[in-house]
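Structural features, examined
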Amino acid sequence: MFKPLTLAIAMRYLLARKTHKFASFVALISTIGITLGVSALIIVTSVMQGLQDRLKDNLLGTTAHLIVSSDSSLDAATLTSLPHIIAITPYVKGQALLQSDNGIVLVNVEGEDTSRLDFNLKKPDALNDDIPSGSFEIYADMGLLMKLNLNLNDKVRLISTQNARYTPLGLTPSQRIFYIKGALPSLMGNNDVPTVKGNYSDIKKLLRINNKKASYRLYLSDPFLINETTAKLPQSLTYTTWQDSKGDFFKAVAMEKLTMTLMLFLVIIVAAFNILSALAMMVSSRLSEIAVLKTLGMKEKSILLIFIMTGSGCGILGTLIGLLLGIPLTQNITKIAEFLKISVSANATELPAVISPMNITLIVAGALFLSLLCTLYPAYKAAKTDPIRHLQQGF
């Protein structure tokens, strides 16, 4: 009458609530636990992924992804052929003292020759090519401008001891007058050195760098793929990457993301063990029915399948509900935060959330796998039931 028979029996056991109330209650709790675990995992991983992407754009958008240097001439075509490279510019960097009427501060000075830019795909947004050579204009960190109370077009002096020269007056540093043209986003920590950017030729004159030493700034399509790029660099070249200055910070973000994911995944694990408990109670209370099914000719494989489907039903239902709740909640996470009066950030209008199909697939697959795994032992014990011993006990 029922086709397939195993599915019909499994549905009957799954929906039977009156005869085995406690086992049904435990199964309901496990379903709710899996629902909460799956939805919470989707929300947290999406928000953490969005936060990581925003930090990558903000922090690494103005930080050099890869700087390659050599004491001899460099072939830009060789660097362009490296994996994940989208642009290359001649680059110079050093440290100097920025002096104004309100104080003196140590700064990093950078310059790029955007007129000699090699593109693979597109021009990076971080490039500023509107500073003409010989204008001696700079963009300065916003925090630095506020600290020294500087405004646009204000005059400052940059003093560099790099390649200082001996004169009759002693060791003389290089110094030049620069004018503030604009502000850079302030992303400094308490111990970070602020950055100023100027024209390539102007900064090169300030630092007294000769033409024999070549240095290039390389832009990557994804800064997190830096290891694949540096692995292809010739060993004769020296290089620095964004990991030298920002690597520890992003490792901490990744560790926090992993820790929160593991903690929430424990909710799913506990709920899956509740499925094991509920199914074990169901099997122990239906030993006589299993013995009858075996006497009627049902094979052990079919009985095993019946209880696997019965236990997995709770996991499938909980995962499906969690998925249907998690995605809409993630999409409206900013509105939920505003409703709960949770402050997002002083500089952000919404919580960053990126719904990744890969993350959702892994969460759903993990929840289903744990649910299936916890059904195997009770189902195996049911399949190995001795029909003769349990038929003697009656119903």
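Throughout what follows, the structure given in this document is the object of discussion.

Analysis parameters
- Residues numbered from 1 in each chain as written.
- Predicted model: local features only at pLDDT ≥ 70, side-chain atom pairs only at ≥ 80, totals over all residues.
- Heavy atoms only, no water.
- Helix = DSSP H or I, 4+ residues; strand = E, 2+ residues; numbered from the N terminus.
- Contact = heavy atoms within 4.5 Å.
- Buried < 20%, exposed > 50% of the residue type's maximum accessible area, 1.4 Å probe, protein only.
- Pairing = 2+ DSSP bridges.
- Patch = residues over 30% accessible without salt bridge, like charges linked within 9 Å, V, L, I, M, F, W, Y side chains within 5 Å.
- Areas by Shrake-Rupley, 256 points an atom, 1.4 Å probe, with all protein chains shown as cover.
- Salt bridge = Lys/Arg side-chain N within 4 Å of Asp/Glu carboxyl O.
- Axes fitted to C-alpha atoms, helices over the stretch in contact; angles between N-to-C directions.
- Left-handed = near helix turned anticlockwise from the far one by under 90°.
- Nonpolar A, V, L, I, M, F, W, Y, C, P; charged D, E, K, R; others polar.
- Phe/Tyr/Trp six-rings, centres within 6.5 Å; stacked < 30°, edge-to-face > 60°.
- Lys NZ or Arg CZ within 6 Å of the ring centre and 35° of its normal.

So, on to the side chain of Ser160. Turning to its location among the elements, Ser160 is positioned in strand E6 (residues 155-167). Residues in contact with Ser160, not counting those within four places in the same chain, are Gln95, Ala96, Pro173, Ser174, Leu206 and Leu207.

We now examine the pairing of strand E2 (residues 85-100). Of all 16 residues in E2, 12 are buried, a share of seventy percent or more. Here 10 bridges tie E2 to strand E3 (residues 103-112), and the two strands are oriented antiparallel to one another. Looking at the pairing, Tyr91 lines up with Glu112 of E3. Here E2 hands over to E3 after two residues, the two strands then running antiparallel side by side. The sheet contact formed by E2 and E6 spans three bridges and is antiparallel. Its bridge partner lying in E6, Gln99 is registered against Arg157.

A few words now on a nonpolar patch on the surface. A cluster of nonpolar side chains, Phe22, Phe25, Leu28, Ile29, Ile32 and Leu36, forms an exposed patch at the surface whose accessible area comes to about 600 Å². Mapped onto the elements of the fold, Phe25 is located in helix H2 (residues 21-61). The class for Phe25 is partly exposed, based on a relative accessible area of 47%.

Turning next to the packing of helix H7 (residues 243-285) against helix H9 (residues 300-331). Contact pair H7 / H9: the axes reach a minimum separation of 10 Å and the direction vectors enclose 145°. Relative to H9, H7 is oriented so that their crossing is right-handed. For the pair H7 and H9, contact is made by Ile275, Leu279, Met282 and Val283 and by Phe307, Thr310, Gly311, Cys314 and Gly315, respectively. Here the residues of the contact of H7 with H9 sort into six nonpolar, three polar and no charged.

Each aromatic ring pair is characterised by the separation of its centres together with the angle its planes make. For the structure on display, the rule yields five aromatic pairs. Between Phe136 and Phe178 the ring centres are 5.4 Å apart and the planes differ by 75°, which places this aromatic pair in the edge-to-face class. Here Phe178 lies in strand E7 (residues 170-184) and Phe136 lies in the loop between strand E4 (118-119) and strand E5 (137-141), a separation of 42 residues in the sequence. Across this residue pair, the class does not change: Phe136 and Phe178 are buried. Chaining the aromatic ring pairs together yields one cluster made of Phe224, Trp242, Phe249 and Phe250. A cation sits over an aromatic face here: Lys56 above Phe224, 4.7 Å from the ring centre.

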